[in-house]
Amino acid sequence: MSTPTTVQRIGTFAYDARANHLTPESRALFKRNILDSLGCAIAALPGTQFKALREQFDEYGRSGTCSLIGGGTTSPDQAALYNTGLVRYVDLLDSYMSPGGLCHPSDNFGTILAAADHASASGEDFMLALAVAYEIGCRITAIVPVMAKGFNHAIQLAVSAAAGSGKLLGLDADQIAHAIAIATVDNVSLTCVHSEPVSQWKGFSPAITGMRAVYSASLAKRGFTGPLRLFEGPNGLVRMFDQPIDVDWDDHGLEIIHQTIMKKYCSLIHGQPVLEATLDLKRKNDVKSDEVDEVLCDIFQSGFDIAGGGSFGPKDDPQTKEQADYNLKYLIAAALLDDQVGPAQLDPQRVQAPDAQALLRKVTVRPDAKFSAQYPHALNVRVTIKCKDGRVFAKEHVGFEGGLDSPFTWERTVEKFNWLSEQYADQELRDQIINLVATLDEHPIKELMQLLAKVSPEPRFPAKHPGIQ
């Protein structure tokens, strides 16, 4: 028998995964991350792109078995596109850090949810498929510095989302391998998606990848085959990444969830310690935004390159939501002005407001060699606020709440969920969703989708929560 290819080994890993591979501790963390993803998705519902997607679904045909968050039904692939875009949109989703970059494991969530809904899966099966997808995507991210090599992490997302979808759709190990190959071979995603001017596609690249993954799994179930030497073949992923991809796919552990980190501010992950430090200085010293003369932000090289004005382009004139959440100058200004960085601070009108535009021009972001040497094992930053009256406040800060050293609890995640969803669901509906997620492995996924379909796609209730502090 010939040696199995990498996609065949991944297919076998996904097929062999069993519910008893999920420890009680991992189950609890998955429920936490699931609730977090749902909060992110609900907060994104009024985004103009989602109205446009619903219009496109009407044009292309809505027939299908999958419920949409916020009501309506469509096909599994379109539901994967929609759900995944929702989770990503407000940039509050989970992350996994590695020396060569990062990935967002919950980019898998909307795709796996659509596949589970289509398959009428149990909550237990959904959680297992999600765990498989998390494990595959993060294991590849840990080995390959994808972003440093010029590629976007939607590449490994194609592998993980196809594997998780295939497991839910009842594919065998060989079919899952073909689903992975089909979904990934044409899904070469480039890091330039993050470059200025940052476009809407930064947030929807994972969504179209998820759409492709579900469709690919369905094709593989019907006998379609893909290039099984996706990694090893001539000009395959090994050559593209210019390195071996040595992952132990015989390890059946599903523990990578313990290495995921969470956000409490609408910002790329690199901005979380920056905003925590900025808000701490502002609140402890009662700094008013009109008192600020200059702000200095020293950060590791990756943060500077992506969001501080480095290699991905200047950050002096943000106009859109997508530019704002990848712009440390704007994010610091918004924190000083509004004492919070949530979905409201990403509204284009807020981004373009004269006070925000004026203050962000007082912010300088600089790379720090010492901080860069410790990244990603430590996310070190230094924020210095200089006031017009001569006062100077500085804080060197390592990590943030939600990071590995200070992980979100279930209670903190419930608070975040209520903050993000309070305008779209009353307290009773929110409580029902929270309680069902807490016992998701005891319910069919259709029960969750029935609740999510009741969420309003437009704000209907007052916003009272100040945001998690």
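Residues numbered from 1 in each chain as written. Predicted model: local features only at pLDDT ≥ 70, side-chain atom pairs only at ≥ 80, totals over all residues. Heavy atoms only, no water.

A. Representation of the overall build of the protein in the model. From N to C terminus, the protein includes 20 helices and 8 strands. Computed over its C-alpha atoms, the radius of gyration of the protein comes to 22 Å, within 12% of the 23 Å expected for a compact globule of 469 residues. Overall, the protein is about 75 × 50 × 45 Å in size when its C-alpha atoms are taken along their principal axes. The buried share among the 469 residues of the protein stands at 62%. Approximately 17,300 Å² of the protein is accessible, and the part contributed by carbon and sulfur atoms is 51%. (Helix = DSSP H or I, 4+ residues; strand = E, 2+ residues; numbered from the N terminus. Rg over C-alpha atoms; globule rule 2.2 N^0.38 Å. Buried < 20%, exposed > 50% of the residue type's maximum accessible area, 1.4 Å probe, protein only. Areas by Shrake-Rupley, 256 points an atom, 1.4 Å probe, with all protein chains shown as cover.)

B. Expanded view of the environment of Asp 125. By secondary structure assignment, the location of Asp 125 is in helix H6 (residues 123–143). Sequence separation between Asp 125 and Ser 195 is 70 residues, and the spatial gap between their C-alpha atoms is 38 Å.

C. Molecular detail of the side chain of Arg 350. With respect to the secondary-structure elements, Arg 350 resides in helix H15 (residues 348–352). Within the local environment of Arg 350, its side chain forms a polar contact with the side chain of Asp 338, the two groups lying 2.9 Å apart. Setting aside residues up to four positions removed in sequence, Arg 350 forms contacts with Tyr 330, Leu 337, Asp 338, Ala 344, Gln 345, Asp 355 and Ala 356. (Polar contact = N/O pair within 3.5 Å; in protein donor to acceptor, adjacent residues only side chain to side chain. Contact = heavy atoms within 4.5 Å.)

D. Main features of the packing of aromatic side chains. With the rule as written, the count across this model stands at 10 aromatic pairs. The interplanar angle of 65° and the centroid separation of 5.2 Å between the aromatic rings of Phe 30 and Tyr 134 together place this pair among those described as edge-to-face. Of this pair, Phe 30 sits in helix H2 (residues 24–43) while Tyr 134 sits in helix H6, and the two are 104 residues apart along the sequence. We note that Phe 30, like Tyr 134, is buried. Connected via pairs of aromatic rings, a cluster forms that spans Phe 50, Phe 57, Tyr 82, Tyr 89, Trp 201 and Phe 204. For the cation-ring pair, Arg 18 lies above Tyr 15, with the distance from its terminal atom to the ring centre recorded as 5.7 Å. Directly above the ring of Tyr 89 sits Lys 321, whose terminal nitrogen or CZ lies 4.9 Å from the centroid. (Phe/Tyr/Trp six-rings, centres within 6.5 Å; stacked < 30°, edge-to-face > 60°. Lys NZ or Arg CZ within 6 Å of the ring centre and 35° of its normal.)

E. Up close: the pattern of salt bridges. Counting across every chain of the model gives 34 salt bridges. A salt bridge links Glu 401 to Lys 264; its shortest N-O distance comes to 2.9 Å. Taken together, the positions of Glu 401 in the loop between strand S8 (392–398) and helix H18 (410–421) and Lys 264 in the loop between helix H10 (237–241) and helix H11 (272–284) put the pair 137 residues apart, joining distant regions of the chain. Residues joined in a network through salt bridges with shared partners are Asp 298, Arg 366, Asp 368, Lys 370, Arg 382 and Glu 396. (Salt bridge = Lys/Arg side-chain N within 4 Å of Asp/Glu carboxyl O.)

F. Structural context of unusual backbone geometry. Note that the residue after Glu 196, namely Pro 197, is joined by a cis bond; omega there is -5°. Secondary-structure assignment places Pro 197 in the loop between helix H8 (173–185) and helix H9 (201–221). The linkage connecting Tyr 375 with the following residue, Pro 376, adopts the cis geometry, with an omega of 5°. Relative to the helices and strands, Pro 376 is located in the loop between helix H17 (369–374) and strand S7 (380–387). Its identity is not glycine, yet Ser 120 carries a phi of approximately 50°, on the positive side. In this structure, Ser 120 sits in the loop between helix H5 (109–118) and H6. Look at Asp 339: it is not a glycine, yet its phi comes out positive at around 60°. Mapping Asp 339 onto the fold places it in the loop between helix H14 (328–338) and H15.

G. Representation of H2 in the model. In this model H2 runs 29 Å from its N-terminal to its C-terminal C-alpha over 20 residues, within 8% of the 28 Å that 1.5 Å per residue would give. Of all 20 residues that make up H2, 17 are buried, and the element is covered over most of its length. (Expected span 1.5 Å × (residues − 1).)

H. Here's a closer look at the sheet that holds S8. A sheet is described by the order of its strands in space; here 4 strands give the open sequence S6-S5-S7-S8, paired in mixed fashion. This sheet does not close on itself; its edge strands, each paired only once, are strand S6 (363–367) and S8. Sheet twist, expressed as the mean angle between neighbouring strand axes with direction ignored, is 15°. Bridge count between strand S5 (residues 292–299) and S7: 7 bridges; the pairing is antiparallel. (Pairing = 2+ DSSP bridges. Axes fitted to C-alpha atoms, helices over the stretch in contact; angles between N-to-C directions.)

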